[in-house]
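# Reading the structure
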Amino acid sequence: MVTELHDRIAKYITKNALITDWSSIREYYARYSYLTFMCLIAVHINPDCKPEDLKHILCDNFLEDNELVEYILMTKDTVTFTDDIIQFINKQDIEDINEIYQRFLARDFILKDTSISFVKSKNNRDILGSYYTQENFAYEITQKTIIDYHKENTDVPIKIADYSCGGGAFLVSAYRICKENKLIPILYGYDIDPIAVLITRFRLYSETGLQPDNIHILLGNPLLRNPERANSLSVFKCAVSGRFYNIQMGIVSEKNMDVVIGNPPWEKIRFEEKKFLRHFAQGAEIDTKTEREIFLQKASQVNKDYYLECSQDYESAKSAIKKDYFFKESSCGELNTYALFTELCLNSLGETGVSGIIIKSSLVKMPVYSAFFKSLTKNNHIYELYMFVNRKKIFSIDSREEFSVIFLKNKSDKEIGLALALDSYEQLNHKKKIYISYELLNELNPDTGMIPNIRSNKELEFLVSIYKNHKTFGATYPECRFGRLVHLTNHSNSILKKEKKGYLPIYEGKFIELYTSKFATFKDMSDSEKYKSKATAKLIEDIDGDEYPQSRFYIQEDIWKNLSKNFVGDYMLAWRSLTSATNRRTMLSTILPLIPACQSIQILQLSNKKMLHILALFNSIVFDYIVRLKMAGLDLTQTIIKQIPVPDEQCYDKIINFKGVDAPIEVHINSRIKQLYKSDKRMHTLLEQIKTYELQITKPRKVIIAEIDLLVARLYSISEEDLRKIALSFTRYYSVQEAERLF
């Protein structure tokens, strides 16, 4: 059904839009899409409706105002188009209109040659933030929020708001729950999408029977707080033109809410040039920034002006938001809507109000939000947090994505109740919670105070014990110098793709594995393979052989000397920056000579003696396990490293008997490191300087690595039984049989 609707809309856009004018195409797409859903709703209300009935059906049922309906009905060929749509609808089994719209958003309009068509894409959906919540999930969240509020408040009516209402799932749930509990709701909803607003109004008015005075569903952008709100028609025209961050879309939402609910969008506030142009250009024309610049240079002045207007909207919006006291905590870093909406919801609550919203888990884990999150926890605003993974596809996004349901008050007298590793909404009210305080969070993450990546009380207890007995990396090695030196884009003017005298090869994260930088190479690969987006290097068959990685980029030697001038030693410790807590191993580290390394590698420098200590530490399953409990996102940064507890340097001097040899732990570790690097001639000078002994028998690399794991466990005072449990959490590295045999 949706495909047929798109085909009809495409036909009329092609016929009536000025096909050389991007703004005209965008406007007619919005007009005919809106008319389509007007018809769907009108037919649902009155199956016998005709095009001439649309106005009175919508206006008599308080779904839209007269001025706006008259404006949209002035669209070219309205009568013919709506008659076609109504006839088509009457031949269908009418489905849920909200569901139809979600499928409608899964395809985007594109200009091909001189006609419009629709293709599967999520560009428009991303811009709108329209990933709607399952109705049952919305009901569970709304029910808990209203009940939590009603436990301590018996006043009626209840003012309930959703600042990104989409198709109305939360507000419809709120009405039903209030009805069940004999409560009187006053409902407020806001959205930047005119069709979403129309659907929400339709769902509420058709279900509730409430008078319009108790329902306030407005088109507008609550993040743009404009006290001089434009009239509804001006706002509608702005939305139709796709300028959702223009100040005309701004509103000042109601304050002193009793309940605030919803699923705010999870998008960055930035003009997505490629997504914008994708509607009007073929992919090959705009894949790279250079290609987009050429494409825009060739565009007409009218289209350039439209492009610049849309781009400037975002810049102006970001500037306004950063100056707005309402967002003083959340307007940090690159502005992200889920953080801003969280502060908006909190600031909109009355003294005893409660908010329950879905957010991206980055808000409670990523260092960029540490000040905001510390404010939320220190002031007891968060009282419960339910953390989900999307492996069962609760949302139509990446199954690895993490999100949370956060419950807020102006003041809570409890520690934060955490429910972890949920994967279905049914668990919301049944999953056992652990409780954690602001003070404990700041012990576990002293620099950020964020939520660790824990899934159970046992993991929390493990982290607490580790922090109790060991100082953090930052406190233990305050002299450590960190860096991430060569940026392939920022330094592109000094980088070549072919080897040349006066240029040095650039190492990439793909070359690094545990205790080696000879893991992969670009040797014997075609340019199309080497330089494609997300290129994969070819594995080196024998990392103990004589082959070294061949790079695909080379940097000018003088530029490298300037970039590395603050790093004075001959060696550096390097690790893969791009990684994940769900990978086979999260921390992959090696020692390297001081050579050019790009942004996919992070480096540090200490004395050679300490760097070997850190090498063993970083590559151990104990440290890796702690990293997994601490890491959010895909970038293993120095901020995370600095907050991880590590053994004191004096521990390495302790003499123990290990595998029949009495020696300091440092010597046991270095003897094995020397064996692991025996084929890397670049490391010989470093390894000749340290005290070691010959291993009695030749052992496979994995056995040697496991022995270092055992030694690092000794440094942390972790028992072999607990180490075995840690090993069993790395089943993609150590099999169950290996874990039992080696530990």
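Located above this text is the structure these notes cover.
Presented here is an overview of the structure given in this document. Since we're looking at a predicted model, the values are computed, not measured.

### What about the layout of surface pockets?
Taken as a whole, the second largest pocket spans an internal volume of roughly 390 Å³. Forming the walls of the second largest pocket are 16 residues, and the residues nearest its centre are Lys458, Phe462, Asp722, Lys725 and Ile726. Among the elements of the structure, helix H19 (457-469) and helix H29 (720-728) are those that each provide at least two residues to the lining of the second largest pocket. For the lining of the second largest pocket, the element with the highest residue contribution is H19, accounting for 7 residues. Across the lining of the second largest pocket, the residue classes break down as 6 nonpolar, 5 polar and 5 charged.

### Examining helix H2 (residues 22-45)
Taking 1.5 Å per residue as the helical rise, H2 with its 24 residues ought to reach 34 Å, and the 35 Å between its terminal C-alpha atoms agrees with that figure. By the criterion of burial, H2 is predominantly enclosed, with 20 of the 24 residues buried.

### Looking at the packing of aromatic side chains
Applying the stated criterion across every chain yields a total of 45 aromatic pairs. Where Tyr34 meets Phe236, the ring centres are 5.0 Å apart and the plane angle is 75 degrees; that geometry is what we call edge-to-face. With Tyr34 in helix H2 and Phe236 in helix H11 (residues 232-240), the pair connects residues that are 202 residues apart, well separated along the chain. We note that Tyr34, like Phe236, is buried. When the ring of Phe276 is compared with that of Tyr307, the centres are 5.8 Å apart and the planes differ by 70 degrees; the resulting orientation is edge-to-face. You can see Phe276 sitting in helix H12 (residues 273-278) and its partner Tyr307 sitting in helix H14 (residues 301-323), a full 31 residues away along the chain.

### Some words on the pattern of salt bridges
Summed over the entire model, instances satisfying the criterion amount to 36 salt bridges. Salt-bridge contacts for Arg8 lead to Asp84; the nearest nitrogen and oxygen are separated by 3.1 Å. Of this pair, Arg8 sits in helix H1 (residues 2-16) while Asp84 sits in helix H5 (residues 78-90), placing them 76 residues apart in sequence. With relative accessibility at 22%, the residue Arg8 sits in the partly exposed group. Classification of Asp84 by relative accessible area gives partly exposed; the value is 22%.

### Considering the sheet that holds strand E4 (residues 185-191)
Within the open sheet, the 9 strands sit side by side as E5-E4-E3-E8-E9-E11-E10-E12-E13. Their pairing is mixed. Edge positions in the open sheet fall to strand E5 (215-219) and strand E13 (434-436), since each of these has one partner strand only. Each neighbouring strand pair of the sheet contributes to a mean axis angle of 15 degrees, computed without reference to strand direction. With 7 bridges connecting them, strand E9 (residues 349-360) and strand E11 (residues 402-409) associate as antiparallel partners. Bridge pairing in E11 links Ile359 to Ser404.

### Observations regarding helix H8 (residues 135-152)
Compared with the 26 Å implied by 1.5 Å per residue over 18 residues, the 27 Å span of H8 between its first and last C-alpha is a close match. Restricting attention to buried positions, one finds in H8 the residues Phe137, Ala138, Tyr139, Ile141, Thr142, Lys144, Thr145, Ile146, Asp148 and Tyr149. Among the structural elements, strand E3 (158-162), helix H9 (169-180), strand E8 (257-262), E9, strand E10 (382-389) and E11 are those in contact with the buried residues of H8.

### A word on the sheet that holds strand E15 (residues 495-496)
Taken in spatial order, the 3 strands line up as E15-E19-E16 in an open sheet, and their pairing is antiparallel. Here the strands that pair on one side only, and so sit at the sheet edges, are E15 and strand E16 (503-505). Here E15 runs beside strand E19 (residues 554-556); their pairing, made up of 2 bridges, is antiparallel. Residue Ile495 lies in a different strand from E19, and its bridge partner there is Ile555.

### Quick word on the pairing of E11
Counting buried positions along E11 gives 7 out of 8 residues, so the element sits mostly inside the fold. As defined by bridge partners, E10 adjoins E11 across 7 bridges and the pair is classed as antiparallel. Each residue of the ladder has a partner; that of Glu384, found in E11, is Phe407.

### Some points on the side chain of Glu508
Note on placement: Glu508 falls in the loop between E16 and strand E17 (520-521). Given the relative accessible area of 2%, Glu508 is considered buried. Looking at Glu508, its side chain comes within polar contact range of the side chain of Arg552, at 2.8 Å. The contact partners of Glu508, leaving out residues within four places of it in the chain, are Phe522, Arg552, Phe553, Cys598, Ser600 and Ile601.

### Focus on empty space enclosed by the protein
The full count for this structure, using the stated rule, is 2 cavities of 30 Å³ or more. When its volume is computed, the second largest cavity comes out at roughly 40 Å³. The wall of the second largest cavity is formed by Tyr515, Thr516, Lys518, Ile543, Asp544, Leu676, Tyr677, Ser679, Asp680 and Arg701. Considered class by class, the residues forming the lining of the second largest cavity number 4 nonpolar, 2 polar and 4 charged.

### Here we look at the environment of Glu541
Inspection of the secondary structure puts Glu541 in the loop between strand E18 (538-539) and E19. On the basis of relative accessible area, Glu541 is assigned to the exposed category, the value being 84%. Sequence-wise, Glu541 and Lys518 are 23 residues apart; in three dimensions their C-alpha atoms are separated by 9.6 Å.

### Some words on the side chain of Lys630
Note that Lys630 resides in helix H24 (residues 621-630). When its relative accessible area of 7% is taken as the criterion, Lys630 is described as buried. When near neighbours in sequence (up to four residues on either side) are disregarded, Lys630 contacts Leu444, Asn445, Asn453, Leu463, Tyr467, Ile640, Gln643 and Ile644.

Parameters and conventions
- Residues numbered from 1 in each chain as written.
- Predicted model: local features only at pLDDT ≥ 70, side-chain atom pairs only at ≥ 80, totals over all residues.
- Heavy atoms only, no water.
- 1 Å grid on protein atoms, 1.4 Å probe; cavity = no way out; pocket = protein on both sides within 12 Å on 5 of 7 lines; lining within 4 Å.
- Points joined across faces, edges and corners; volume = space filled by probe spheres on them.
- Helix = DSSP H or I, 4+ residues; strand = E, 2+ residues; numbered from the N terminus.
- Nonpolar A, V, L, I, M, F, W, Y, C, P; charged D, E, K, R; others polar.
- Expected span 1.5 Å × (residues − 1).
- Buried < 20%, exposed > 50% of the residue type's maximum accessible area, 1.4 Å probe, protein only.
- Phe/Tyr/Trp six-rings, centres within 6.5 Å; stacked < 30°, edge-to-face > 60°.
- Salt bridge = Lys/Arg side-chain N within 4 Å of Asp/Glu carboxyl O.
- Pairing = 2+ DSSP bridges.
- Axes fitted to C-alpha atoms, helices over the stretch in contact; angles between N-to-C directions.
- Contact = heavy atoms within 4.5 Å.
- Polar contact = N/O pair within 3.5 Å; in protein donor to acceptor, adjacent residues only side chain to side chain.

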